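Chain and residue survey
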Amino acid sequence: MIHNEERKAEYYQALLEKKSDYEGVFYVGVTSTGVFCRPTCPARKPKYDNCEFYETAQQALLASFRPCQRCRPLSHPNHVSDIVRLLVEAVEQSPEKRWKGQDFKELSIDESTARRQFKKRFGMTFVEYARSRRMGLALKSIRSGGKIIDTQLASGYDSSSGFRDAFSRIMGAAPTRLEDSLILRASWLDTPLGPMMAVADDSGLYLLEFVDRRGLEREVERLRTRLMAAIIPGQTPPIQSMERELSQFFEGTLTEFKTPLHLVGSPFQKSVWEQLKKIPPGETRSYADIALALGKPAAYRAVAQANGANQIAIVIPCHRVINTSGELGGYGGGVARKEWLLNHEKIGGQYNEKST
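Let me begin by describing the structure that accompanies this report. If you're wondering where the values come from, they're calculated on a predicted model, not measured in any experiment.

1. Some points on the overall build of the chain
Secondary structure assignment for the chain yields 15 helices and ten strands. When each of the 356 residues of the chain is scored for burial, the buried share is 47%. Intrachain contacts of the chain at a sequence separation of at least 6 include 62% that bridge at least 24 residues. Accessible surface, the chain as shown: approximately 18,000 Å² in total, 48% of it carbon and sulfur.

Have a look at this one:
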């Protein structure tokens, strides 16, 4: 149990505000109810005096607390529902299918429930999700030499203007301007510290960020604009590889990521990111240390900016860079996550092994 009063006050405030960047960092046991919760639990908040804070779920269980039925602290946060999983699988089995009311009835799924759950999970309704997959196939057909009119009809659009408008909303460009563009897939990855978004093509990863990171939408838009790329939902081999490696990292069995990366930045930014990858797990460096390693000791502010511009969290370990004073400093995913990651790496993953 956590006894530090300053830390307890910090965690209680995070509980009141349901801060998602504290997911996996602490669990709260409520003495008045006998249950323990994750920081983002939607239930009515307990009084401070009724709260006991723990670093791991196992500690809360050993203190005789039972898991909350609302926030389910023993599951991944935002774990995909059975309805979402079933429908995603159905789309992958028949991605060209145009869904109708009868299709939902055959799966015993309420259409409005599917709409709400997909909106919450992916930021788009199920119909929009299914249409994105059809558009992805349409784009592949066009790039392979298929005629736009054939692709348009196969995607369910009688009007070429309607097809182009829909394509533009999903892909960011009309089909006639996409022949030579890059196609990226975006996928949601669950982790013990909260969900992350991965963006990749078939050869490498471009982005890996916590979903609740402030400004993530702008990052994705900058990536799409800079690369003149279309981004649609889906999986690629690098995303699947990253999902496996993240699981191993959080289990404490992996310290070096092998998934290929595409670094999108200036030559100086890339040089900083390469230096970050050289910091051994469990160790930290200051911005001044990085600047010195680059042979530019006066460029520590530019190093800090490049560190903040990193779009591949954890794999390019910007969380291992701290202030010269020894303070943690900032982190795009939240300082609480930064502290958790450093603790996790310092003791070889044992910190997280106790949480399951």
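Right, picking up where we left off after that structure.
2. Section: the state of the cysteines
Enumeration according to the criterion identifies zero disulfides in this entry. With no disulfide of its own, Cys41 lies closest to Cys71 among cysteine sulfurs, the gap being 3.7 Å. Relative accessible area serves as the criterion here: at 3%, Cys41 is assigned to the buried category. A disulfide-free cysteine, Cys51 has its sulfur positioned 8.9 Å from the sulfur of Cys37, the nearest such atom.

3. Details of the packing of aromatic side chains
Inspection of every chain in the model, using the stated rule, returns 15 aromatic pairs. On the basis of an interplanar angle of 15 degrees and a centroid distance of 4.4 Å, the ring pair of Tyr11 and Phe26 is categorised as stacked. Taken as a pair, Tyr11 in helix 1 (residues 5-16) and Phe26 in the loop between helix 1 and strand 1 (27-30) lie far apart in primary sequence, 15 residues in all. Between Phe249 and Phe250, the aromatic rings sit 5.2 Å apart at their centres with planes inclined by 80 degrees, giving edge-to-face as the arrangement. Each of the two residues, Phe249 as well as Phe250, counts as buried. Site record: aromatic cluster; members linked through ring pairs are Tyr11, Tyr22, Phe26 and Phe53. The lysine or arginine in question, Arg337, covers the ring of Phe210, its NZ or CZ lying 4.0 Å from the ring centre.

4. What to know about unusual backbone geometry
For residues that are not glycine, phi is negative in most cases, and the peptide bond is trans in most cases. The phi angle at Arg72 is positive, at roughly 45 degrees, despite the residue not being glycine. Along the chain, the position of Arg72 falls in the loop between strand 4 (66-67) and helix 3 (82-93). A relative accessible area of 47% means that Arg72 is categorised as partly exposed. For Met228, which is not a glycine, the phi torsion comes out positive at approximately 50 degrees. Of note, Met228 is situated in the loop between helix 9 (216-227) and strand 8 (229-233).

5. Remarks on the pattern of salt bridges
A full pass over the atoms with the stated rule returns 14 salt bridges. As a salt-bridge pair, Arg85 and Glu89 come within 3.6 Å of each other at their nearest N and O atoms. Here the residue Arg85 and the residue Glu89 both occupy positions in helix 3, the gap between them amounting to four residues, near one helical turn. Across the salt bridge formed by Lys258 and Glu256, the nearest N and O atoms sit 3.3 Å from each other. Exposure remark for Glu256: the relative accessible area of 53% places this residue in the exposed category.

6. A closer look at the sheet that holds strand 6 (residues 196-200)
Reading across the sheet, the four strands line up as 7-6-5-8 and stay open at both edges, with mixed pairing between neighbours. Where the open sheet ends on each side, the last strands, each with one partner, are strand 7 (205-210) and strand 8. The mean inter-strand angle of the sheet, taken between neighbouring strand axes irrespective of direction, is 20 degrees. Of the pairings in the sheet, the one linking strand 5 (residues 182-189) to strand 8 comprises five bridges and is parallel in character. Each residue of the ladder has a partner; that of Leu184, found in strand 8, is Ile231.

7. Looking at the packing of helix 11 (residues 267-277) against helix 13 (residues 300-308)
Relative orientation of the contacting elements helix 11 and helix 13 amounts to 80 degrees, with a least axis distance of 9 Å. When the axis of helix 11 is compared with that of helix 13, the two are roughly perpendicular. Within the contact between the two elements, helix 11 uses Phe268, Gln269, Val272, Trp273 and Leu276 and helix 13 uses Ala302, Val303, Ala306 and Asn307. When the residues that make up the contact of helix 11 with helix 13 are grouped by side-chain class, the tally is seven nonpolar, two polar and no charged.

8. Some remarks on the sheet that holds strand 1
Read across the sheet, four strands follow the order 3-1-2-4 without closing on themselves; strand pairing throughout is mixed. Here the strands that pair on one side only, and so sit at the sheet edges, are strand 3 (51-54) and strand 4. Of the strands in this sheet, strand 1 and strand 3 are in contact with helix 1, which crosses strand 3 at around 105 degrees.

Reading the values: the criteria
- Residues numbered from 1 in each chain as written.
- Predicted model: local features only at pLDDT ≥ 70, side-chain atom pairs only at ≥ 80, totals over all residues.
- Heavy atoms only, no water.
- Helix = DSSP H or I, 4+ residues; strand = E, 2+ residues; numbered from the N terminus.
- Buried < 20%, exposed > 50% of the residue type's maximum accessible area, 1.4 Å probe, protein only.
- Contact = heavy atoms within 4.5 Å.
- Areas by Shrake-Rupley, 256 points an atom, 1.4 Å probe, with all protein chains shown as cover.
- Disulfide = S-S within 2.5 Å.
- Phe/Tyr/Trp six-rings, centres within 6.5 Å; stacked < 30°, edge-to-face > 60°.
- Lys NZ or Arg CZ within 6 Å of the ring centre and 35° of its normal.
- Salt bridge = Lys/Arg side-chain N within 4 Å of Asp/Glu carboxyl O.
- Pairing = 2+ DSSP bridges.
- Axes fitted to C-alpha atoms, helices over the stretch in contact; angles between N-to-C directions.
- Parallel < 35°, antiparallel > 145°, perpendicular 65-115°, else oblique.
- Nonpolar A, V, L, I, M, F, W, Y, C, P; charged D, E, K, R; others polar.

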